[in-house]
Amino acid sequence: STFNIVSNLLKLLDSLWKFMTIAVSTGVIGFIFSFCITLFGAYAFLSVIPATKDSLKYVFGGGYSTQTYFYAMIFCGFFRAILHYLEQFANHYIAFHILAEIRVKLFKIMRKLAPAKMENKNQGNLISMITSDIELLEVFYAHTISPVLIASITSIFLFLYFFQLNYVYALYMLFAQFVVGIIVPYIAHKRSAKSGVEVRTKLGKLNDEFLDKLKGIREIIQYSQGKKVLKKIDEITSSLGENQKDLRNKASEVQMMVDSAIILLSIAQLLLSISLVSKGLVSIEASILAGILQVGSFAPYINLAALGNILAQTFASGERVLNLIDEKPAVSDSISISNNNIAENDDILIDNISYSYKNTDNKILKEFSLKIKKGQLTGIMGPSGCGKSTLLKLIMRFWDVDSGKIILDKKDIKSIPLKNLYQKFNYMTQSTSLFIGNIRDNLLVAKADATDEEIYAALKKASFYDYVMSLPDKLDSIVEEGGKNFSGGERQ
C-alpha cells in the first residue's frame, strides 16, 4: 500500500533527520516571511489611505507607521531569499546522500541474494532500478517530505492569524487548503497510479530487451534479424510513449484543476467577506487583509497538488526498490565464522538428496547419493537438464537441498559459514564475466592484496602465464567490457 511504501522509504533516512529538520524549519519561516511581505504591503497601503488609516489600528497587526511596515517588508524579503536557499540546500543534501546510500544498500542486497536468486532476475529491470528508479526517488526525498511538513506547519500559523481577524476566515482557510493540498493531489494520484506503474515496468522491459539484443548483436547481424529486433523494440517504445503521454496529459489536467480551484476558492472567499462585512462581523480592513493573504496562502500547496501525478511513478519505483531490499536470500547464513572453521579437506558425501526448483513439482534430483573421495578426480556425465550443474551448486550451497544431507569434512554444509565454505571451492562457471580494467584488476578480485608474484603463480597454474607475458603491457593489458577482446577460452 502507499502508506507502507511511504513509511518504509522514511525509515531509510536514518541519520539525515537533522537535515530534514533544517529544511522544514527554514521552509516554514521562509513561507511565513513570504506571506508577511504581501501582508505588510497591504498594511502599508491601508495606513496611507485616509478612510482606513484610523480604523486600521483596531485590526490585528495594525496601528504601526507606514515606515515600520516598509522596513518589515525589506527585512522579510532579504531573509526569505536566504531561508529559501538553505531549505533547498538541505533538501538536496538529503536527496543525494540517501540516493547514494540506497545504491550501496541495493548492491549489498544483491550480493546476499546472489548467486541463487540473481540468476533468474531480469537484468534490464535491475539496471532500471539502480538508475532511473533510484533517481526518481529524489522527488520523494527532496520535493515531497519537507514540502508536506512545511505546508502542514505553515497552516497552523496561517490559522492563528486568520483566527485573529475572524474565526470564519480561519475555518475557510483550512477548507480551501484541504481542497488544494489534499483532495486535488489525491485525485491526481488515483488517476495516474496505473500509468505510473506501467511506465516503470515498461522501462525495465525496454532496458532488458535492449541489453539482451546488444549482447547478441553479432548473431542478429549474421542471421539478418535486425528489422525484426528493431520492430520489437519499437513496439515497446511506442507502448511506453503512450503511457508517458497519458501521464503528461494528466499532469496538465492537474494544473488546470489547481488553477481553477484557487480561482473559485478566492471568489468564494470574496463573497464570504462581502457577507461578513454587510453583517458587521468584520471590518473592511480585515476583509482586505484576509483576501490578500488567502490568495498567497495557496503557495505551499500548489507544488503538493502537482506532486500527486509525479508520485504515481515515484511510489512505483519505491515499491520495486523496497521489494528487492526486503527479499530474503535463498540460503540463510547466521552462523558464527570463528567457531566453524573447516578442517583439512575430507571426502564429500552426498546423502540421499532431493531438490526441485521453486514453483515447480519436477524433482531435478531425487534421492541421489554420491561419495567424492579426497584426491580423486570425479566427472559427472548425463543428458542436458539431468541436474549436473544443480548438483555442483547444491554442494557449494548456492541453494539448500529439499531433503537429505551434503557432508564436507564430516560436517553438514548447513553448519558451515558460507564465507568459509566458498573458500574451499574453485568454481568455473559456463560463462565467464570479466570487468573493464586490466588483467591485474580482474585477478585481484579474488584476493585484493595479492602480489605480482602470486598473480604470476596463478597464471602458471592456469597455463596462461606465457600468453600474458607476450602482451606488450603484460598484467596492465586492457580488458574491454565483458572481456570481448579475449576468446572464450582465454576468458576462462
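Procedures and definitions
Residues numbered from 1 in each chain as written. Predicted model: local features only at pLDDT ≥ 70, side-chain atom pairs only at ≥ 80, totals over all residues. Heavy atoms only, no water. Core = buried A, V, L, I, M, F, W, Y, C linked by side-chain atoms within 4.5 Å. Buried < 20%, exposed > 50% of the residue type's maximum accessible area, 1.4 Å probe, protein only. Helix = DSSP H or I, 4+ residues; strand = E, 2+ residues; numbered from the N terminus. Contact = heavy atoms within 4.5 Å. Pairing = 2+ DSSP bridges. Axes fitted to C-alpha atoms, helices over the stretch in contact; angles between N-to-C directions.

Observations concerning the nonpolar core
Then step 1. In terms of nonpolar packing, the biggest core is built from 75 residues, with Ile 102, Leu 106, Tyr 141, Phe 162, Leu 165 and Leu 289 touching the most fellow members.
Then step 2. In terms of residues, this core owes the most to one element, helix 2 (residues 17–48), which gives eleven residues.
Then step 3. Phe 162 has contacts with Tyr 167, Tyr 169, Ala 170, Met 173, Ala 290, Leu 293 and Gln 294, leaving out every residue within four places of it along the chain.
Then step 4. Of all hydrophobic cores here, the second largest spans 22 residues; its members include Ile 348, Ile 350, Met 396 and Leu 421.

Describing unusual backbone geometry
Then step 1. A cis amide bond links Ala 114 to the next residue, Pro 115, at an omega of 0°.
Then step 2. Position of Pro 115 among the secondary structure elements: in the loop between helix 4 (66–113) and helix 5 (123–143).
Then step 3. Look at Ser 463: it is not a glycine, yet its phi comes out positive at around 55°.
Then step 4. Along the chain, Ser 463 falls in the loop between helix 15 (452–461) and helix 16 (465–470).

Quick word on the side chain of Gln 177
Then step 1. Relative to the helices and strands, Gln 177 resides in helix 7 (residues 167–215).
Then step 2. For Gln 177, a relative accessible area of 3% gives the class buried.
Then step 3. With residues near it in sequence (within four places) discarded, Gln 177 still touches Ser 155, Leu 158, Ile 182, Ser 297 and Tyr 301.

Some words on the pairing of strand 3 (residues 403–408)
Then step 1. For strand 1 (residues 348–355) and strand 3, the ladder comprises five bridges, and the chain directions are antiparallel. Bridge pairing in strand 3 links Ser 354 to Ser 403.
Then step 2. Bridging between strand 3 and strand 4 (residues 411–412) involves two bridges; their strand directions are antiparallel. By the bridge assignment for strand 4, Ile 407 is matched with Asp 412.

Looking at the sheet that holds strand 2 (residues 365–372)
Then step 1. In spatial order, the strands read 2-1-3-4; together these four strands make up an open sheet with antiparallel pairing. Each of the sheet's edge strands pairs with one partner strand only, and the pair in question is strand 2 and strand 4.
Then step 2. Bridge count between strand 1 and strand 2: five bridges; the pairing is antiparallel. Of the residues in strand 2, the one forming a bridge with Ile 348 is Ile 372.
Then step 3. Against the sheet, helix 12 (residues 388–395) contacts strand 1, strand 2 and strand 3, and its axis sits at roughly 120° relative to strand 1.

Quick look at the environment of Asn 359
Then step 1. The topology assignment puts Asn 359 in the loop between strand 1 and strand 2.
Then step 2. Separated by 150 residues in sequence, Asn 359 and Glu 209 place their C-alpha atoms 25 Å apart.

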